[in-house]
Amino acid sequence: MTPPLSVDVAVIGGGPAGMAAASAATGLGCRVGLVDSYPLLGGQVHRQAWRRLGAGQDPVAGLPRRFRGLGADPGVRLHLGSSVWHARQVTGGFELLLTTGESVHAGAVVLATGAVELVLPFPGWDLPGAMTPGAAQALLKGQGRLAGRRVVVAGSGPFLLPVAAGLVRAGATVVAVAEASRLRPGVLGRPGVWRGLSSSPAKLAEGAGYLSALLRRRVPLLAGWAVTACRGRSQVEEVRLSRLAPDWAGWDRERWVRADTCCVGYGFVPSMELARALGCGERPRRGLPGSAVVVGPDQSTSTGGVFAAGEVCGISGAAAAELEGLLAGRAAACWVGKRGGRPGPPTASVRRRLARQRSFAVALEQLGRIGAGWTAWLEDETPVCRCEETTWAKVRQAVGAGARDLRGVRGLTRAGMGYCQGRVCGPALALAVAGLAGRGLAEVGDLATRSIAWPVPLGTIAHSAGPG
Ligand SMILES: Cc1cc2nc3c(=O)[nH]c(=O)nc-3n(C[C@H](O)[C@H](O)[C@H](O)COP(=O)(O)OP(=O)(O)OC[C@H]3O[C@@H](n4cnc5c(N)ncnc54)[C@H](O)[C@@H]3O)c2cc1C
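Treat the numbers as computed from the prediction; the structure is a model and nothing was measured.

What counts, and at which threshold
Residues numbered from 1 in each chain as written. Predicted model: local features only at pLDDT ≥ 70, side-chain atom pairs only at ≥ 80, totals over all residues. Heavy atoms only, no water. Disulfide = S-S within 2.5 Å. Buried < 20%, exposed > 50% of the residue type's maximum accessible area, 1.4 Å probe, protein only. Near = heavy atom within 4 Å. Polar contact = N/O pair within 3.5 Å; in protein donor to acceptor, adjacent residues only side chain to side chain. Areas by Shrake-Rupley, 256 points an atom, 1.4 Å probe, with all protein chains shown as cover. Helix = DSSP H or I, 4+ residues; strand = E, 2+ residues; numbered from the N terminus. Nonpolar A, V, L, I, M, F, W, Y, C, P; charged D, E, K, R; others polar. Domains from an automatic or database assignment. Pairing = 2+ DSSP bridges. Right-handed = clockwise from strand over helix to strand, strands pointing away. Contact = heavy atoms within 4.5 Å. Axes fitted to C-alpha atoms, helices over the stretch in contact; angles between N-to-C directions. Salt bridge = Lys/Arg side-chain N within 4 Å of Asp/Glu carboxyl O. Patch = residues over 30% accessible without salt bridge, like charges linked within 9 Å, V, L, I, M, F, W, Y side chains within 5 Å. Buried area = accessible area lost by both parts, 1.4 Å probe. Core = buried A, V, L, I, M, F, W, Y, C linked by side-chain atoms within 4.5 Å. Phe/Tyr/Trp six-rings, centres within 6.5 Å; stacked < 30°, edge-to-face > 60°. Lys NZ or Arg CZ within 6 Å of the ring centre and 35° of its normal.

Enquirer: Now, about the state of the cysteines: what can you tell me, with residues and values included?
Expert: Two cysteines whose sulfur atoms are joined by a covalent bond form what is called a disulfide. A full pass over the atoms with the stated rule returns zero disulfides. In this structure Cys 30 is not part of a disulfide, and its nearest cysteine sulfur, from Cys 334, lies 9.5 Å away. Cys 262 carries a free sulfur, and the closest cysteine sulfur to it, the one in Cys 230, is 4.1 Å from it. On the basis of relative accessible area, Cys 262 is assigned to the buried category, the value being 0%.

Here is the structure:
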């Protein structure tokens, strides 16, 4: 086993939160190790195009200027194209085990692992051409490739708009953008909603920009509609759009449209595996599956020496992630006793800007919610877990046979036991099992408790000390 690399602060995740944390910590004199699964820095929002692994590509060239210094900073050691598959507390700090076989020893850790997309299954979602909006975005940004020529973008949340706008700008025909939620009467009058939305005019303007790009290309924008099925011989050829009942349990109108691709996603779920492995306190998300890390004003978690920033703390967008990263990097540096160095913006002003970003996100979250009746779209044979091909009928049988939570359903059906380890199907399964068993989301739990957070070859485990 390679001897561990020793750093003051290890940052897991190279998105806006992780990059800001690494910059802040190195600015205060720390030696920083920054790990990301992707071969280049940037995370989801600043994803850079890459040629191929080992091509000697500059990992920061395509980033906004403020992050480019990370590439040449002698205080930062980049571990790119490498995932942390296990993290644990050891004497004097923390040990991270990487899929490359290396290990990193750190006095403090910043978790900036971001989020995954929430996918609700539907008949046909296992056909080639059915994917998430994030997957289409990643193909476009990372490899300059269009996911398809005739695309339906659907689901719920503001992320649908930049994805659809990006696709039309790149030359795709977007057949429709379907947002499943409808603006509920009176929602804008709720305390905090209007104030939250108006707290970030720049974001409203960004949203308006996407909308006008779509309207200029005459893309139909549907509210209260969802993709409830797609079909085709060997890939998506037709997509069913349905106008949903208020609880999504059925629909009063439907139409099949011709498309080779459908991108469907219902927002994001924080990536909690490493936070949970390190024992960080969590909070449930109201009405949504998964949980988020609880942090203090300096982004400290309940585990001393572990800080968290960005979407792992809740879905607040890229600007908030960056501000949280800045605070987390400073606090982690402080934890390991480093306080001198480059002064950044005053903490009070960072917190004020962060509060505005968070109130915008909270307001946005109240505009949509997942209708409890979505499982009415599923047919007996619809795979709910694509890795293990567990069907909806098997999940229902498992609950009928007495499974009361996700672990029980996994044990009886293998759902969540495949390569993605429940990252794709877990959140939807939680919603479905809660509905079937008549229990709350917190009671049915999730599939994020894993001592191996990332798929890793057995040989790598054998050559490391392994989870203790
Ligand atoms: C698929 C997807 C696409 C998105 N695209 C956009 C977009 O185009 N525009 C936009 O405004 N918002 C987008 N978002 C929302 C977006 O994630 C953010 O608002 C913003 O990027 C959050 O920043 P972050 O630093 O918290 O997380 P991210 O930017 O997601 O960065 C987290 C990073 O952690 C890494 N990581 C996670 N676990 C591990 C591990 N175990 N080991 C090593 N590395 C790990 C990931 O590879 C990732 O690079 C997207 C989200 C997702 C899930």
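Enquirer: Mind laying out the site of the ligand, listing which residues take part and the relevant values?
Expert: Among the 32 residues in the neighbourhood of the ligand, the closest are listed as Asp 36, Val 84, Gln 137, Lys 141 and Glu 311. Contact between the ligand and Pro 16: an oxygen atom at 3.4 Å from a main-chain N or O atom of the residue. Here an oxygen atom of the ligand and a backbone polar atom of Glu 311 are 2.9 Å apart. Contact with the protein chains hides 89% of the accessible area of the ligand, taken as 960 Å² for the molecule alone. Going through the elements one at a time, helix 1 (16-27), strand 2 (32-36), strand 7 (115-117), helix 3 (133-143) and helix 8 (318-335) are the ones with two or more residues in the shell around the ligand. Counting residues per element, the shell around the ligand draws most heavily on helix 3, at three residues. Looking at the shell around the ligand, its residues break down into 14 nonpolar, 14 polar and four charged. Looking at which domains feed residues into the shell around the ligand, each of domain 1 (5-116 + 269-339) and domain 2 (121-265) gives three or more.

Enquirer: Any details on the pairing of strand 2? Residues and values, ideally.
Expert: Burial analysis of strand 2 places five of its five residues in the buried class, the great majority of the element. Neither face of strand 2 is left uncovered, since the one carrying Val 32, Leu 34 and Asp 36 and the one carrying Gly 33 and Val 35 both have all their residues buried. Taken together, the four bridges between strand 1 (residues 5-12) and strand 2 define a ladder with parallel strand orientation. The residue bridging Ile 12 from the neighbouring strand is Val 35, located in strand 2. You can see the chain leave strand 1, run along helix 1 and come back into strand 2, and the turn it takes is right-handed.

Enquirer: Before we move on, could you go through the sheet that holds strand 8 (residues 130-131) and cite the residues and values that matter?
Expert: Through backbone hydrogen bonds, the strands of a sheet pair up, either in parallel or in antiparallel fashion. Read across the sheet, five strands follow the order 8-15-9-10-11 without closing on themselves; strand pairing throughout is parallel. Sheet topology places strand 8 and strand 11 (221-223) at the edges, where each strand pairs with a single neighbour. Where helix 4 (residues 160-169) meets the sheet, it contacts strand 9 (150-155), strand 10 (173-179) and strand 15 (261-265), and its direction lies at approximately 175° from that of strand 10.

Enquirer: Tell me about the pattern of salt bridges, and name the residues and values.
Expert: Side-chain pairs of opposite charge can arise whenever the charged atoms involved come near each other. For the structure on display, the rule yields 14 salt bridges. Of the charged contacts, one joins Arg 31 and Asp 8 as a salt bridge, the two residues approaching to 3.3 Å between their closest N and O atoms. One end of the pair, Arg 31, is in the loop between helix 1 and strand 2; the other, Asp 8, is in strand 1, with 23 residues separating them in the sequence. Residue classification places Arg 31 among the partly exposed positions, given a relative accessible area of 43%. The network of salt bridges with common partners includes Glu 273, Arg 423 and Arg 450.

Enquirer: Tell me about the sheet that holds strand 12 (residues 225-231), and please be specific about residues and values.
Expert: The antiparallel open sheet is built from three strands, whose spatial order is 12-13-14. This sheet does not close on itself; its edge strands, each paired only once, are strand 12 and strand 14 (251-258). Within this sheet the neighbouring strands show an average axis-to-axis angle of 25°, counted without direction. With seven bridges connecting them, strand 13 (residues 238-244) and strand 14 associate as antiparallel partners. Within strand 14, the position partnered with Leu 244 by the bridge is Trp 251.

Enquirer: Break down a nonpolar patch on the surface for me, with residues and values.
Expert: Residues Leu 211, Leu 215 and Leu 221 make up a contiguous nonpolar surface patch of about 240 Å² in total accessible area. Position of Leu 221 among the secondary structure elements: in strand 11.

Enquirer: Describe the domain arrangement of the protein, listing the residues and the values that go with them.
Expert: Segmentation of the protein into domains returns domain 1 (5-116 + 269-339), domain 2 (121-265) and domain 3 (372-444). For domain 1 and domain 3, the distance between their C-alpha centroids amounts to 31 Å. Taken together, the six residues of domain 1 in the interface contact five residues of domain 3. Interface area, domain 1 with domain 3, both sides summed: about 460 Å², of which 78% is carbon and sulfur. Contact with domain 3 buries area across many residues of domain 1, yet Val 116, Glu 273 and Pro 289 alone supply 68% of it, more than any other trio. At the junction of domain 1 with domain 3, the criterion picks out one salt bridge. Residue Glu 273 is joined to Arg 423 by a salt bridge in which the shortest nitrogen-to-oxygen separation is 3.8 Å. Looking at side-chain class alone, the side of domain 1 that touches domain 3 contains four nonpolar, one polar and one charged residues.

Enquirer: Kindly report on the nonpolar core, identifying the contributing residues and their values.
Expert: Core analysis: the largest hydrophobic core is formed by 55 residues, its most contacted members being Val 152, Tyr 266 and Trp 374. A per-element tally of this core places helix 12 (residues 426-437) first, with eight residues. Here this core spans two domains, since at least three of its residues come from each of domain 2 (121-265) and domain 3 (372-444). If sequence neighbours within four positions are ignored, Val 152 has contacts with Val 175, Ala 176, Val 227, Val 239, Leu 241, Val 257, Ala 259, Thr 261, Cys 262 and Cys 263. Counting residues in each nonpolar core, the second largest holds 27 residues, with Val 11, Cys 30, Val 32 and Ala 332 among its members.

Enquirer: Which residues make up the packing of aromatic side chains, and what values go with them?
Expert: Scanning all chains against the criterion turns up five aromatic pairs. Between the aromatic rings of Trp 248 and Trp 377, the centroid separation amounts to 6.2 Å while the plane-to-plane angle is 20°, which identifies the pairing as stacked. Of this pair, Trp 248 sits in the loop between strand 13 and strand 14 while Trp 377 sits in the loop between helix 9 (347-367) and strand 20 (383-385), placing them 129 residues apart in sequence. Each member of the pair, Trp 248 together with Trp 377, is buried. Summarising the aromatic geometry, the rings of Phe 307 and Trp 335 are spaced 6.4 Å apart at their centres and angled 70° between planes, so their arrangement reads as edge-to-face. You can see Phe 307 sitting in strand 19 (residues 306-308) and its partner Trp 335 sitting in helix 8, a full 28 residues away along the chain. The buried category is assigned to Phe 307, whose relative accessible area is 3%. By way of ring pairs, the aromatic residues Trp 248, Tyr 266 and Trp 377 are connected into one cluster. Positioned above the aromatic ring of Trp 256, the side-chain terminus of Arg 231 is 3.6 Å from the ring centre. The side chain of Arg 386 reaches across the aromatic face of Trp 125, ending 4.2 Å from its centre.

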